[in-house]
Amino acid sequence: SLADVSAMFNRGDKPFTSWDEVPIPEIADFAGKPGMILDLEGQWQVRPETTADEGLTGQWWAGDVTQHPWETMLLPGSIKWHKYFRENAWMVRDFEVTKEQLAGDEPIYLYSFAKMFGDPRVMSLVYLNGEKVGETGRWGVWDVRKLLKEGKNRVAIRSNNFTGRVFLSNEAPSVYPYLSPERNK
């Protein structure tokens, strides 16, 4: 109800009177950020496909991404990304996972909000350590514990519109507006 949402936003003095007034924060705020293990914001290697499925047939997710024609970009947020807007490009990022981060046996989720805008029917592909994790139209989340290893790991995403975040979390996904009994107070 609007009263419940008003309470969630601590608006007792001025409750929402319409659903149009309710602000929608970045979707990642609803999907695991509080339990974040590792934010993959940072230096990504980027390369556009010049022919259809070139990156798939060439298995770009597994090769050397340090040489030309790969370009280093700070993602998300680089204005350079817009030169690849609406064409398929690969984003690859190597990252380290510690023994402590892998401790236990609870799921570790890879969240990809790589494509927040554009046609959701055009799927983005997501790979982790050479294995296809899944496809997503806007955002996706997968339990990747079995694919992660101590030390160097690699995530690769093929998208035609990279606009969001990618991170690892031990918090299971929730769907707005129901977040959990603890959060929906």
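The structure reproduced in this document is the subject of the present report. Bear in mind the structure is a predicted one, so any value in this text is a computation, not a measurement.

1. Regarding the environment of E100
Point 1. Topologically, E100 is positioned in the loop between β4 (89-97) and β5 (109-112).
Point 2. Taking the C-alpha atoms as reference points, E100 and E150, separated by 50 residues in sequence, lie 9.0 Å from one another.

2. A word on the sheet that holds strand β1 (residues 36-39)
Point 1. Within the open sheet, the four strands sit side by side as β1-β10-β5-β8. Their pairing is antiparallel. Strands with a single pairing partner mark the edges of an open sheet, and in this sheet they are β1 and β8 (140-143). Strand-to-strand twist of the sheet, defined as the mean angle between neighbouring strand axes without regard to direction, takes the value 20°.
Point 2. Taken together, the three bridges between β1 and strand β10 (residues 166-169) define a ladder with antiparallel strand orientation. Opposite D39, over in β10, you have F167 as the bridge partner.

3. Digging into the side chain of T136
Point 1. The topology assignment puts T136 in strand β7 (residues 131-136).
Point 2. For T136, a relative accessible area of 5% puts it in the buried group.
Point 3. At 2.6 Å, the side chain of T136 and the backbone oxygen of W139 are in polar contact.
Point 4. Polar side-chain contacts of T136 include one of 3.4 Å to the backbone nitrogen of G140.
Point 5. If sequence neighbours within four positions are ignored, T136 has contacts with V122, M123, S124, V126 and W142.

4. What to know about the pattern of salt bridges
Here the idea is simple: oppositely charged side chains can pair when their charged atoms come close.
Point 1. Scanning the entire structure with this criterion turns up eight salt bridges.
Point 2. Through salt bridges that share partners, D39, E41 and R165 make up one connected network.

5. Remarks on the sheet that holds strand β6 (residues 124-128)
Pairing between the strands of a sheet comes from backbone hydrogen bonds, and it takes one of two forms, parallel or antiparallel.
Point 1. A sheet is described by the order of its strands in space; here six strands give the open sequence β3-β2-β4-β9-β6-β7, paired in antiparallel fashion. Of all the strands in the sheet, just β3 (71-75) and β7 have a single pairing partner and so form its edges. Within the sheet, the average angular offset between the axes of one strand and its neighbour, ignoring direction, is 30°.
Point 2. With five bridges connecting them, strand β2 (residues 42-48) and β3 associate as antiparallel partners. Across the sheet, residue Q43 finds its bridge partner in β3, namely L74.

Definitions and limits used
Residues take numbers from 1 onward in each chain, read along the sequence in its written order. Only residues with pLDDT of 70 or above have their local features reported here, since the model is predicted, and side-chain atom pairs are shown and tallied only from 80 upward, although totals for entire chains, interfaces and linings are computed over all residues. Heavy atoms from the whole structure form the basis of all side-chain values; hydrogens and water molecules are not counted. Only DSSP runs of H or I reaching four residues or more are called helices, and only runs of E reaching two or more are called strands; each is numbered from the N terminus. Following DSSP output, two strands are said to pair if at least two bridges run between them. The axes are straight lines fitted to the C-alpha atoms, using for helices just the contacting stretch, and the angles between their N-to-C directions are given from 0 to 180°. Burial classification: accessible surface area is computed with a 1.4 Å probe over protein chains only, and a residue below 20% of its type maximum counts as buried, one above 50% as exposed, and the rest as partly exposed. In the analysis that follows, any N or O atom pair within 3.5 Å is treated as a polar contact, provided that within protein one partner can donate a hydrogen and the other can accept it, and provided that, for residues neighboring in sequence, both atoms belong to side chains. The contact criterion used is simple: two residues touch if any of their non-hydrogen atoms lie within 4.5 Å. Salt bridges are defined by distance alone: a side-chain nitrogen of Lys or Arg within 4 Å of a carboxyl oxygen of Asp or Glu.

Remember that the coordinates give geometry; whether it matters functionally is a separate question.
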